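Here is how the chains run, residue by residue.
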Amino acid sequence: MMNGKPTTEMSLLKVPTKIIPTKQPLPSQNAIDTDDEEDGLGYTHTLMYGRYTKDLGEYAKDEARRLRLLERRRKKDDKARNKELLGVRDNKFFKASSWLWRNTFARLGEDWVFLALLGIIMALLSYVMDKGISMCTNSRVWLYRDLTNHPVAQYLAWVSLPVCLILFSAGFVHLVAPQSIGSGIPEMKTILRGVALKEYLTFKTLVAKVIGLTATLGSGMPLGKEGPFVHIASIVSQLLSKIITSFQSIYENESRNTEMLAAACAVGVGACFAAPVGGVLFSIEVTTTYFAVRNYWRGFFAAVCGATVFRLLAVWFQKADTVTALFATNFTADFPFDPQELFVFALIGLVSGLGGALYVWVHRKYVLFMRSNKRMNKFLQKNRFLYPGIVSLIVATLSFPLGFGQFIAGELSTHEQVHQLFSNFTWSKNELTVEQAAIVSNWRTAGTNVFINLIVYLLFTFFFSIVASTIPVPSGIFIPVFKIGAAFGRLVGEAMHLWFPYGVRYGGKLAPIIPGGYSVVGAAAFSGAVTHTVSVGVIVFEMTGQITHIVPVMIASLVSNAVAALLQPSMYDSIILIKKLPYLPDLLPSGSGMYNIYVEDFMVRNVKFIWKGISYQKLKEILKANKGLRSLPIVDSPESPVLLGSVQRYELIKMIDKHIGREKRLEVAAKWMKEAEEKAREEQERLRREAEELQKTRRPSRFEVSPAPDILKLRERANNEMLPPQAKKETSTGFSPVFGTQPKKSILKKTNSFTLKGFTPLSPHSPTHTPYTTITGGTESRIRSAFDIIFRKSATLQDVTPDPEVGSIGTPSISGTEGIPLTPGISKKVQLPRERVIDMSAEDQKAWELEEMGKPIDVENLHIDPAPFQLVERTSILKVHSLFSMVGINHAYVTNVGKLVGVVALKELRQAIENVNSGTLTPESVKQKQEEEAKALAQKEAENGDRLTFLVVAKS
């Protein structure tokens, strides 16, 4: 092959049609041996006396099967190449959904419909999961109360269901998607910073998260669901963005993807507690460092849709009267608290801040202890179900109502516990109604009062929520800390009522103490201290449906946040540090040394780049070797790396696929086919002229070499013998021999062997095209004609739009101007495809791709970002941190007078900030490192100079 064209006329071009392959017989014409030939696909064809012994119909089926296998192999290779470069595969379901979206809802406004759909889906998921959790809890209570009255049997019934649910959840998430373990908010903070976590926003992670969280919360473990709901909403948003064409995946449209993920975080909180406003504010505080105001309406709209549908479902299916708050309270609005009580509320905030910092510290120490103990860690990894089973068994045993559970309201669900803690009456008073007495009976026993029970409940939830959070199941920590704060606030409120039974006097009026208000303040303060958020107060207002305690709640939340921020990071930041996620920390204001640390001190100098004139093969190698890079810088040349811009990885892969993909290959194959047809026609015309000249110059002889038209006559006669009588009459009336009725005696030796040596239906040198053909017996003529009819039919009738003059492959008709009538039996026996696809053979394709991959890339048709983020070498680390945090980029190129000298990514910047905060990266250490590098470079140059001098001396 020269210059991408076949060297012979048609020999290098293979057309995938159902044509019986031609096999080479033995060299001798009078062969008596039987040999087997095997092709590349393992088919064995037996040649006996030079003839095929296999049925022609079976040959056609085998050939069709072989072509199908070749087509499947070619498609498999194309998919493998795409997967090798892209790392993902197209999905037909996503394509169909995208088409449906473009032609229906997209016309109404993509953002609005997308966000409304996200909110509705999350509301449905939240409602279904709550029903599942309620069914598990009710089943547990039913097993305990109604199944039996024996204490041992009741204990077994009480602990069996939680243990089974936890073991099922742990095994299910481990098998389906281990990424679903834990909360989800720390990972979402990392993703929104521009870091792509592998397999974290996939459908199987969604399934594992939903089913695992339902089983975990249904077991009654002291765990929450807010963090997992944020993760679930983010997965739903990501899956919707893949379905909808305009919202591309995270690798194609990062800006739009980040906006939708930020809205999804708000939807998760809003659908969890029916708190849209608090959900938006909470998601902003928890997941982002710098928030774009343009995303504000997206979060509110989606959260309102989710919260509204969530509460409407309760009205429709739970026989609720109207849309109400989740934990509705009825505090007196006239005089809810005395101004003198504000000091007590501030004190609650102070204690909650200390307690929140202690909670985070104990959680981190316990997790690090579990990880640092290698022997125990190795043992638990081998026995994955042992630790979840032991923890769930201990928690279920302690919550058994006939045992320790009577001190911690173990028989109540989480919703019932919070609702009773927010109740608007004093538990410690003597005069109680029947309903009030039923509530208080859960919080005191014959030997203890409400104060002891509240303290025990607080300590139990504090420590066992930390232990339970280490179980490898989907779980959150917001609900446990919310209950801890509510119990602490209730404890202070009951104590205040005990100290001031008639209320606090102010301005001549007595204001009664409302312990439920203290419980609300404590819940907001403690959960805000653990999460470092103030918006928890807004969530509390929406959950209770009252804003009577807005001032105490805000005061306590601000005080607790201030105290906790001075002592410990938030729970989510602590988990990021434990898991070592690539999140960008803040610079500590420890001194001015950060202004003397520049980007050249921590950038990567070995930059992978492409340039003008790079070959497709070299580009493919760079893409394969750097699969983690989403974009590559493009420079003028390797010798002069002037930065011209950056190109997305996806654009480069599309360019390679367009250059050597299936469409391009079929186009080139069709071009080769056309050129081969033209060359075949020229060759046939030349041979015809030579035959005519030879016929004119030859003298008469009693022997004559019959030309090709005589063979055509014999074939036509043989075909007429196989036709029906009526068709035979019609054919015989229009037949006139060309060279007379009696053929002359052949000069060549007559033989009974019959071969198709060198025959291919696509070759112009087939027996019908050679100027000299051996005339054999009548039987051989009929067999040869049958072969030729089948070959010509399979090669001619497969064109979609065949040429009426030259047929499908540029060969003339068998009988001149009119074709031979074909028998119905043959057309039934050989099944022909409806459409012929001209493609290359495997060898031609490999050679063509090798040649094409050696060509330089087409830079003019490449989508280049001409202005990527650039830094100079003397940019301080403080400015780099501000740029990365504010803009949300994940890498920037470093240039010197326009030339590319390095690149800094989120990983290098995070490591540099940690080193600056720890004091290991200082101007002195940088200067010392530069001196060491200069000394090593000088030493290396000296060694090279000595080696060069030695070689010169040795040569002389």
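Residues numbered from 1 in each chain as written. Predicted model: local features only at pLDDT ≥ 70, side-chain atom pairs only at ≥ 80, totals over all residues. Heavy atoms only, no water.

Draft legend 1. The overall build of the protein chain, seen in detail. Tallying secondary structure elements over the protein chain gives 32 helices and 11 strands in all. Here the protein chain holds 956 residues, and the buried ones make up 48% of them. Across the protein chain, contacts joining residues at least 24 apart in sequence account for 77% of those joining residues at least 6 apart. Accessible surface for the protein chain amounts to roughly 48700 Å². Of this, 59% is attributable to carbon and sulfur atoms. (Helix = DSSP H or I, 4+ residues; strand = E, 2+ residues; numbered from the N terminus. Buried < 20%, exposed > 50% of the residue type's maximum accessible area, 1.4 Å probe, protein only. Contact = heavy atoms within 4.5 Å. Areas by Shrake-Rupley, 256 points an atom, 1.4 Å probe, with all protein chains shown as cover.)

Draft legend 2. Region of interest: the UniProt feature "coiled-coil region" (unreviewed entry) in the protein chain. Here, the residues flagged by UniProt with the feature "coiled-coil region" (unreviewed entry) are residues 666–697. Between the C-alpha atoms that bound residues 666–697 the distance is 46 Å, and the span itself is 100% helix and 0% strand. (UniProt positions renumbered as here; feature names shortened; annotations may be inferred.)

Draft legend 3. The arrangement of the side chain of S646 in detail. For S646, the location among the structural elements is in strand 8 (residues 643–648). The buried category is assigned to S646, whose relative accessible area is 8%. Excluding anything up to four places from it in sequence, S646 contacts L632, P633, I634, I864, D865, P868 and Y893.

Draft legend 4. Quick peek at the pairing of strand 7 (residues 631–635). Buried residues dominate strand 7, accounting for five of its five residues. Neither face of strand 7 is exposed, since S631, P633 and V635 on one face and L632 and I634 on the opposite face are all buried. The sheet contact formed by strand 6 (residues 610–611) and strand 7 spans two bridges and is parallel. Directly across from W611, in strand 7, lies its bridge partner V635. Both strand 7 and strand 8 contribute to a ladder of five bridges, which runs antiparallel. In the sheet register, S631 faces strand 8, and the bridge partner there is Q648. (Pairing = 2+ DSSP bridges.)

Draft legend 5. Main features of the packing of helix 9 (residues 276–287) against helix 10 (residues 296–317). Their axes nearest at 8 Å, the elements helix 9 and helix 10 cross at an angle of 135°. Classified by the interaxial angle, the pair formed by helix 9 and helix 10 is oblique. You can see that helix 9 and helix 10 cross each other, and the crossing is right-handed. Seen from helix 9, the contacting residues are P276, V277, V280, L281 and I284; seen from helix 10, they are Y296, G299, F300, A303, V304 and A307. Residue composition of the contact of helix 9 with helix 10, grouped by class: 10 nonpolar, one polar and no charged. (Axes fitted to C-alpha atoms, helices over the stretch in contact; angles between N-to-C directions. Parallel < 35°, antiparallel > 145°, perpendicular 65-115°, else oblique. Left-handed = near helix turned anticlockwise from the far one by under 90°. Nonpolar A, V, L, I, M, F, W, Y, C, P; charged D, E, K, R; others polar.)

Draft legend 6. Quick look at the nonpolar core. Of all hydrophobic cores here, the largest spans 118 residues; its most connected members are M122, F273, F282, Y359 and W443. It is helix 17 (residues 478–499) that provides the largest number of residues to this core, a total of 12 residues. With near-sequence residues (within four places) excluded, F273 lies in contact with E226, L326, F478, I479, I539 and M543. Counting 32 residues, the second largest nonpolar core, distinct from the first, contains I622, L632, W848 and I857. (Core = buried A, V, L, I, M, F, W, Y, C linked by side-chain atoms within 4.5 Å.)

Draft legend 7. Highlighting the packing of aromatic side chains. One pass over the full model with this rule turns up 17 aromatic pairs. Both rings, one in F462 and one in F463, keep their centres 5.1 Å apart while their planes meet at 70°; by these two values the pair is edge-to-face. Given the relative accessible area of 8%, F462 is considered buried. Seen from their ring centres, F609 and W611 are 6.1 Å apart, and the 65° between their planes marks the pair as edge-to-face. Residue F609 is classed as partly exposed on the basis of its relative accessible area, which comes to 21%. An aromatic cluster is built from Y144, Y155, W158 and F400, whose rings are joined through pairwise contacts. The ring centre of W427 lies 4.2 Å from the NZ or CZ of R490, which sits over that ring. The lysine or arginine in question, R874, covers the ring of Y598, its NZ or CZ lying 3.9 Å from the ring centre. (Phe/Tyr/Trp six-rings, centres within 6.5 Å; stacked < 30°, edge-to-face > 60°. Lys NZ or Arg CZ within 6 Å of the ring centre and 35° of its normal.)

Draft legend 8. Spotlight on the pattern of salt bridges. Summed over the entire model, instances satisfying the criterion amount to 16 salt bridges. R490 is paired through a salt bridge with E494; the nearest N and O atoms lie 3.1 Å apart. Of this pair, R490 and E494 both sit in helix 17, four residues apart, roughly one helical turn. A relative accessible area of 0% places R490 in the buried class. (Salt bridge = Lys/Arg side-chain N within 4 Å of Asp/Glu carboxyl O.)

Draft legend 9. Looking closely at unusual backbone geometry. In this structure, A409 is a non-glycine residue whose phi angle is positive, near 55°. Inspection of the secondary structure assignment puts A409 in the loop between helix 13 (386–398) and helix 14 (414–421). With a phi close to 55°, K580 is a non-glycine residue in the positive phi region. By the element assignment, K580 lies in the loop between helix 21 (571–579) and strand 6.

Draft legend 10. Structural context of a nonpolar patch on the surface. Residues F343, L347, L350, V351, L354, L566 and L567 make up a contiguous nonpolar surface patch of roughly 700 Å² in combined accessible area. No other element matches the five residues that helix 11 (residues 342–372) contributes to the nonpolar patch. (Patch = residues over 30% accessible without salt bridge, like charges linked within 9 Å, V, L, I, M, F, W, Y side chains within 5 Å.)

Draft legend 11. Structural detail: helix 16 (residues 450–468). For helix 16, with 19 residues, the first-to-last C-alpha span of 26 Å sits near the 27 Å given by 1.5 Å per residue. For helix 16, every residue scored as buried is listed here: V450, F451, N453, L454, Y457, L458, F460, T461, F462, S465, I466 and A468. (Expected span 1.5 Å × (residues − 1).)

Draft legend 12. Quick look at the sheet that holds strand 7. Taken together, three strands build an open sheet; the order of strands is 6-7-8 and the sheet is mixed. With partners counted over all chains shown, the strands left at the sheet margins are strand 6 and strand 8, one partner each. Contacts between helix 23 (residues 649–660) and the sheet are confined to strand 6, strand 7 and strand 8, with strand 8 contributing the most and set at about 75° to the helix.

Draft legend 13. Spatial organisation of the sheet that holds strand 10 (residues 891–896). On the basis of which strands lie adjacent, the open sheet formed by three strands has the order 9-10-11 and mixed pairing. Edge positions in the open sheet fall to strand 9 (870–872) and strand 11 (899–905), since each of these has one partner strand only. Neighbour-to-neighbour, the strand axes of the sheet open up by a mean angle of 35°, direction not taken into account. Pairing analysis gives six bridges linking strand 10 to strand 11, with the strands arranged antiparallel. Among the inter-strand pairings, N896 is bridged to a residue of strand 11, identified as K899.

Draft legend 14. Region of the structure containing a positive patch on the surface. Among the surface-exposed residues, R68, R72, K75 and K79 lie close enough to one another that they form a single positively charged patch. Mapping R72 onto the fold places it in helix 1 (residues 56–86). (Lys, Arg positive; Asp, Glu negative; His and termini not counted. Charge placed at Lys NZ, Arg CZ, Asp CG, Glu CD.)

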